[in-house]
Every structure is written in structure tokens, then in C-alpha cells.
Amino acid sequence: MEKFGIDNSWIEAGLDIDLIKDIMAVIEEKRKDREILPSQENVLNAIKLTSLDNVKVLIIGQDPYPSAEHAHGLAFSSLSKKTPASLKNIFKKLENDFPDCKHSTNLLLDWEKQGVLLLNTALTFEGKDTKLLKEHTKLWAPVVENIFSILAKRGNLIVMRWGSYAQKVGACFEGIDSITVMDTTHPSPLSAHRGFMECDHFVRCNEILKEKAINWAT
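Residues numbered from 1 in each chain as written. Predicted model: local features only at pLDDT ≥ 70, side-chain atom pairs only at ≥ 80, totals over all residues. Heavy atoms only, no water.

Caption draft 1: View of unusual backbone geometry. Going from Leu37 to Pro38, the amide bond is cis rather than trans, its omega being -10 degrees. Looking at the secondary structure, you find Pro38 in the loop between strand E1 (36-37) and helix H3 (45-48). A positive phi angle, close to 60 degrees, is found at Phe4, a residue other than glycine. Looking at where Phe4 falls in the secondary structure, it is placed in the segment before helix H1 (8-12). Classification of Phe4 by relative accessible area gives buried; the value is 19%. Here Lys210, not a glycine, exhibits a phi torsion of approximately 55 degrees, which is positive. Summarising the element assignment, Lys210 is placed in the segment after helix H8 (201-209). (Helix = DSSP H or I, 4+ residues; strand = E, 2+ residues; numbered from the N terminus. Buried < 20%, exposed > 50% of the residue type's maximum accessible area, 1.4 Å probe, protein only.)

Caption draft 2: A look at the layout of surface pockets. Volume-wise, the largest pocket comes out at about 370 Å³. Listing elements by their share of the lining of the largest pocket, those giving two or more residues are strand E2 (57-61), helix H4 (85-97) and helix H7 (164-169). The greatest single-element share of the lining of the largest pocket, amounting to three residues, is contributed by H7. Here the residues of the lining of the largest pocket are counted per class, giving 13 nonpolar, ten polar and one charged. (1 Å grid on protein atoms, 1.4 Å probe; cavity = no way out; pocket = protein on both sides within 12 Å on 5 of 7 lines; lining within 4 Å. Points joined across faces, edges and corners; volume = space filled by probe spheres on them. Nonpolar A, V, L, I, M, F, W, Y, C, P; charged D, E, K, R; others polar.)

Structure follows, in C-alpha cells:
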């Protein structure tokens with residue numbers, strides 16, 4: 001059975017590999033005449049780079065960056081040396097909260113490895129046509145719901161929902177005793193000043209995790 005490099009802990013908890021296989025086949029077919037981001041091998045990075053057992057924090061994103069220069073399958077993370085606007089605000093907030101927290105790369109691989117699941121709700125995107133985002137979101141919705149269901153059932157999780165969209169799609173995490181839900185505005189330049197830059201998400205997260213706190217440096 002094709003597992004796409006996904007850790008067995010996800011599969012044993014009920015991740016629908018057959019569903020993923022079908023969607024990946026659809027995406028591969030689309031690639032024949034469209035530019036789809038990220039690359040096929042990077043599409044599932046969010047659940048390839050950390051096991052379910054290791055997940056401590058979920059940060060809900062929306063869609064991959066609309067450029068191959070940036071997109072590599074992790075929400076907010078970027079391949080480029082040029083820091084995207086939302087990530088720039090995330091880094092600024094972290095450096096305000098933790099003066100010793102420095103960022104030398106836009107790759108958030110170390111966050112993933114520590115158990116920060118950086119999951120977009122659309123795992124693919126057509127970089128030259130934003131109108132097609134709904135198509136990709138709808139295509140991946142059953143997989144994202146499957147992942148959210150697994151996480152909600154397991155519990156022991158911190159969920160950061162930045163913006164109204166994340167709060168809507170992440171509603172399933174509300175009312176679960178072992179899950180801490182943190183809400184604020186999206187870190188984009190359009191909304192960061194309306195809540196994100198004043199939020200305490202990163203500080204509260206590390207207070208909750210205690211000795212398992214996240215090192216937010218990159």
C-alpha cells in the first residue's frame with residue numbers, strides 16, 4: 001500500500017490513505033496542463049514531517065503560497081530567502097515575545113519536527129489563478145476533516161486559529177477539555193494590527209507545554 005512517506009501513527013489512527021491516493025492521482029493528472037503548487041513530493045509534508053504521536057500544536061493555514069519560490073507543503077513556511085508578509089509578522093511577534101528568538105531562515109521545518117503541525121486546508125493550489133482555490137479546498141476537504149477528526153479524538157493539543165476562516169474550519173476543536181483553542185486575527189498585513197500582534201498565543205503555548213515548550217527560532 002502506498003503510504004506517501006506518512007508516519008504509520010497517522011494511518012493507525014484512521015487516516016484514509018485510499019482517499020489521499022485518489023486525490024493525489026487527480027492532482028497528478030491536473031499537472032499535465034496546469035501549474036500546481038507545491039510539487040507532488042511536497043504536497044503532504046505537513047503529515048510527513050511529524051508523527052501524530054509528536055503533534056503538540058496545530059496552526060491552521062489556508063492555501064500554499066502562489067509561487068514555486070515559496071510553497072513546499074507547510075503553512076506559512078517558505079523556501080524563499082525573501083520573507084512573505086504574514087511570516088514576517090509571525091517572526092516579529094515571536095521576537096517581541098521572546099527577545100532571544102532569532103530567525104535566519106523562512107523554512108519552518110524545525111517547528112514541524114518539534115510537533116507544530118502547519119496544515120493548510122487546501123494542500124494544493126494553482127499559482128496563476130486564485131479563482132481555482134475553492135476547487136482545491138473542496139478537493140482536499142475530506143482529508144483535512146479526517147486529520148482534524150483524528151486530532152480531536154486524540155486530544156492533548158493546542159490549536160491556533162488565526163482569522164475567521166481558520167476559526168470556521170477549526171470549529172470541531174471547541175468544547176474538548178484536553179484541547180486549548182486560541183483565536184486571533186490572521187497575521188497578514190491587512191489584519192495583524194487588529195489582534196495578532198497583541199495576542200499571547202506563543203507565550204501561552206509554551207507555558208502550557210512547560211518542559212516540552214517549542215523553540216520558535218529558525
